[in-house]
Every structure is written in C-alpha cells, then in structure tokens.
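Here are the chains, one letter per residue:
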Amino acid sequence: MHVLFSYGTLMDPAVQEGVFGAPIPTEPDALPGFEIGTVTITDPEVIALSGTATHLILRPGAPEAEVPGARLELDDAGLRAADEYEVDDYRRVEVTLSSGIRAWVYLAHEDAAVLEG
C-alpha cells in the first residue's frame, strides 16, 4: 500500500469517485515546510471532474510553514490512477508529513525537480 498526502481536489469524495471508483477514507495530517499556490489547469477531463480550472499546488515555503491536508491509503492501481489524474504541472515525490509518516505528494513540477537535485 501507498500513502498519498492530498491538500486539494483528491480530498473531495466526488473527485475520488471519478479517479478511484469510490471514496477513499482519509486521515488528517499536514506537510511542514511548504505553502499553497494555485495553477490553472487546461485538461478538460480534470476540469470536468474537479469542477474548476484553478487547482492548488505545493511550493517550498518557510521551515515553519505547514500545509493542512489528508492522508489517503492507495494500492498500486490507485496510485497509478492518481498519477493519471494529476496533470504535467505536478510531479509526485516522497516527503515526511508532520505525523512522521512518509508519503507521496504532488508538488509543482519545477519545484520537485529542484528538490530532487
């Protein structure tokens, strides 16, 4: 199983239904050292599913910054479905949440590349 941290549309049960085929139980958590920005999505399928072209996106922030969200537990097929849903503006990387749990999260593509070296 995989842990995915969501801070945006993947916490919405309707989006989960469209992406995973059913709502996914979530557990509150947070991601330290990041802040929220926005990005305009142009993929018509993602816009139709989420109901908006403006999506949240993570960017590195001050060490004391913290982004609230939720953990989703996904199997391999669920993680692949999440990857397909997230557009090219995002890139999945592994992080440590405030709870100490390691999780995947989607960051701004260009910031993820910098963080990975």
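Calculation notes
Residues numbered from 1 in each chain as written. Predicted model: local features only at pLDDT ≥ 70, side-chain atom pairs only at ≥ 80, totals over all residues. Heavy atoms only, no water. UniProt positions renumbered as here; feature names shortened; annotations may be inferred. Helix = DSSP H or I, 4+ residues; strand = E, 2+ residues; numbered from the N terminus. Core = buried A, V, L, I, M, F, W, Y, C linked by side-chain atoms within 4.5 Å. Buried < 20%, exposed > 50% of the residue type's maximum accessible area, 1.4 Å probe, protein only. Contact = heavy atoms within 4.5 Å. Salt bridge = Lys/Arg side-chain N within 4 Å of Asp/Glu carboxyl O. Lys, Arg positive; Asp, Glu negative; His and termini not counted.

## A closer look at the UniProt feature "domain: Gamma-glutamylcyclotransferase AIG2-like" (unreviewed entry) in the chain
Step number 1: According to UniProt, the positions carrying the feature "domain: Gamma-glutamylcyclotransferase AIG2-like" (unreviewed entry) are residues 4-110.
Step number 2: A distance of 20 Å separates the end C-alpha atoms of residues 4-110, which is 25% helix and 44% strand.

## Details of the nonpolar core
Step number 1: Of all hydrophobic cores here, the largest spans 32 residues; its most connected members are Tyr7, Leu10, Phe20, Leu31, Leu58, Tyr90 and Val105.
Step number 2: Where this core is concerned, the elements lending two or more residues are β1 (2-6), α1 (13-20), β3 (34-40), β4 (54-60), β5 (66-74), α3 (76-85), β6 (90-96) and β7 (102-108).
Step number 3: Broken down by element, this core gets its largest block of residues, five residues, from β7.
Step number 4: Not counting chain neighbours up to four residues away, the residues in contact with Leu10 comprise Leu4, Val15, Gln16, Val19, Phe20, Leu72, Ala82, Tyr85 and Glu86.

## Details of the pattern of salt bridges
Step number 1: This structure, assessed with the given rule, holds three salt bridges.
Step number 2: The shortest N-O distance in the salt bridge between Arg92 and Asp83 comes to 2.8 Å.
Step number 3: Take Arg92: its relative accessible area is 25%, and that puts it in the partly exposed class.
Step number 4: Since its relative accessible area comes to 29%, Asp83 is described here as partly exposed.
Step number 5: A salt bridge links Arg102 to Glu94; the shortest N-O distance between them is 3.7 Å.
Step number 6: Overall, the relative accessible area of 43% leaves Glu94 in the partly exposed class.

## Regarding the side chain of Glu86
Step number 1: Take Glu86: it is sitting in the loop between α3 and β6.
Step number 2: The side chain of Glu86 is buried and forms no salt bridge, while Arg92, the nearest opposite charge, is found at 9.4 Å.
Step number 3: Filtering out sequence-adjacent residues up to four positions away, Glu86 remains in contact with Leu10 and Tyr106.

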